[in-house]
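Listed below are the residues making up each chain.
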Amino acid sequence: MQEFHCDSPACASHLTASTKDELMRQVEQHVKDVHNVDNPTQTILSYLASTVRDEAGFSAR
Ligand SMILES: [Zn+2]
């Protein structure tokens, strides 16, 4: 389970998906819909990707 917590204190959204690719699609949609970012740059997306946590429940390396 991939897990993303939005960094914005005003938002605090929590998104989950089974794969990181799927989660990043949700994250991209989230910043567009909620934060009015029409075209998130690669910099923003890679920053957001770096905050994604793998909540597998066991140590996956
Ligand atoms: Zn947010």
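Scroll up to find the structure this text is about.
Enquirer: Explain helix 1 (residues 20–33) here, please?
Expert: Three- or four-residue spacings in an α-helix give side chains the same orientation, since the helix completes a turn every 3.6 residues. With 14 residues, helix 1 should reach 20 Å at 1.5 Å per residue; the first-to-last C-alpha distance of 20 Å fits that figure. The set of residues buried in helix 1 consists of Leu23, Val27 and Val31. Angularly, the buried residues of helix 1 cover 75° about the axis, an arc narrow enough to put them on a single face. Opposite its buried face, helix 1 presents the exposed residues Asp21, Gln29 and Asp33, each directed more than 90 degrees away.

Enquirer: When you look at the environment of Phe4 in this model, what are you seeing that I'm missing?
Expert: Structurally, the position occupied by Phe4 is in strand 1 (residues 2–5). Owing to 21 C-beta atoms within 10 Å, Phe4 belongs among the buried residues under this scheme. Sequence separation between Phe4 and Asp33 is 29 residues; the distance between their C-alpha atoms is 16 Å. The residues touching Phe4, leaving out its near neighbours within four places in the chain, are Leu15, Leu23, Val27, Thr51 and Val52.

Enquirer: Is there a simple way to explain unusual backbone geometry in this structure?
Expert: Trans peptide bonds make up the majority, and among non-glycine residues the majority have a negative phi. One non-glycine residue, Ala12, lies in positive phi territory at about 55°. Within the secondary structure layout, Ala12 lies in the loop between strand 1 and strand 2 (14–17). The class for Ala12 is exposed, based on 9 C-beta atoms found within 10 Å. In the Ramachandran plot, Asn36 falls in the positive-phi region, its phi being about 55° despite a non-glycine side chain.

Definitions and limits used
- Residues numbered from 1 in each chain as written.
- Predicted model: local features only at pLDDT ≥ 70, side-chain atom pairs only at ≥ 80, totals over all residues.
- Helix = DSSP H or I, 4+ residues; strand = E, 2+ residues; numbered from the N terminus.
- Expected span 1.5 Å × (residues − 1).
- Buried ≥ 20, exposed ≤ 12 C-beta atoms within 10 Å, placed from the backbone.
- Arc of directions from axis to C-beta.
- Contact = placed C-beta atoms within 7 Å.

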